[in-house]
Amino acid sequence: QMHLAESGGGLVQSGGSLRLSCAASGSIFSIVAMGWYRQAPGKQRELVAAITSGGSTNYVDSVKGRFTISRDNAKTTVYLQMNSLKPEDTAVYYCSAVLKSRPGVTAETYWGQGTQVTVSS
């Protein structure tokens, strides 16, 4: 059973910072990539940032220069440091992991339960 445990959401004023964490646990053979998505009310879920097993990162244009994705040495925990937050960053943030639970299987995508980030103006 795979589990992604998220933490770090909350309420912050515009210009403030938050750090999200996501720890993957369970039967993990290899992690292909981990990332953060967000979904604001009435909008589609969008990829915010992702990091591959090789360490490559990518970001949606709207957060470049403000958000940083990183991971721990074991590569099972991913972080999203969010600086200079804006009201338009308000959304539920979801952690995602693409991983293989054992050798020879196709990688699958797993999701966390989501954590609310609210930025007040």
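Since this is a predicted model, take the numbers as computed values, not measurements.

1. What about the overall build of the protein?
Within the protein one finds zero helices and 11 strands. Sequence-ordered secondary structure for the protein, helices as α and strands as β, is β-β-β-β-β-β-β-β-β-β-β. The principal-axis extents of the C-alpha atoms in the protein amount to approximately 50 × 25 × 20 Å. Counting across all 121 residues of the protein, residues that qualify as buried make up 38%. Counting contacts in the protein only where the partners sit at least 6 residues apart, residues at least 24 apart contribute 55% of the total. Total accessible area on the protein is roughly 6300 Å²; 47% of this is exposed by carbon and sulfur atoms.

2. Regarding the state of the cysteines
Across all of its chains, the model carries one disulfide by this definition. Paired through a disulfide, C22 and C95 show a sulfur-sulfur distance of 2.0 Å. Measuring the twist about the S-S bond at about -80°, one finds the C22-C95 disulfide to be left-handed. Linking C22 in strand 3 (residues 18-25) with C95 in strand 9 (residues 91-100), this pair joins segments that are 73 residues apart in sequence. The same class applies to C22 and to C95, which are both buried.

Rules used throughout
- Residues numbered from 1 in each chain as written.
- Predicted model: local features only at pLDDT ≥ 70, side-chain atom pairs only at ≥ 80, totals over all residues.
- Heavy atoms only, no water.
- Helix = DSSP H or I, 4+ residues; strand = E, 2+ residues; numbered from the N terminus.
- Buried < 20%, exposed > 50% of the residue type's maximum accessible area, 1.4 Å probe, protein only.
- Contact = heavy atoms within 4.5 Å.
- Areas by Shrake-Rupley, 256 points an atom, 1.4 Å probe, with all protein chains shown as cover.
- Disulfide = S-S within 2.5 Å.

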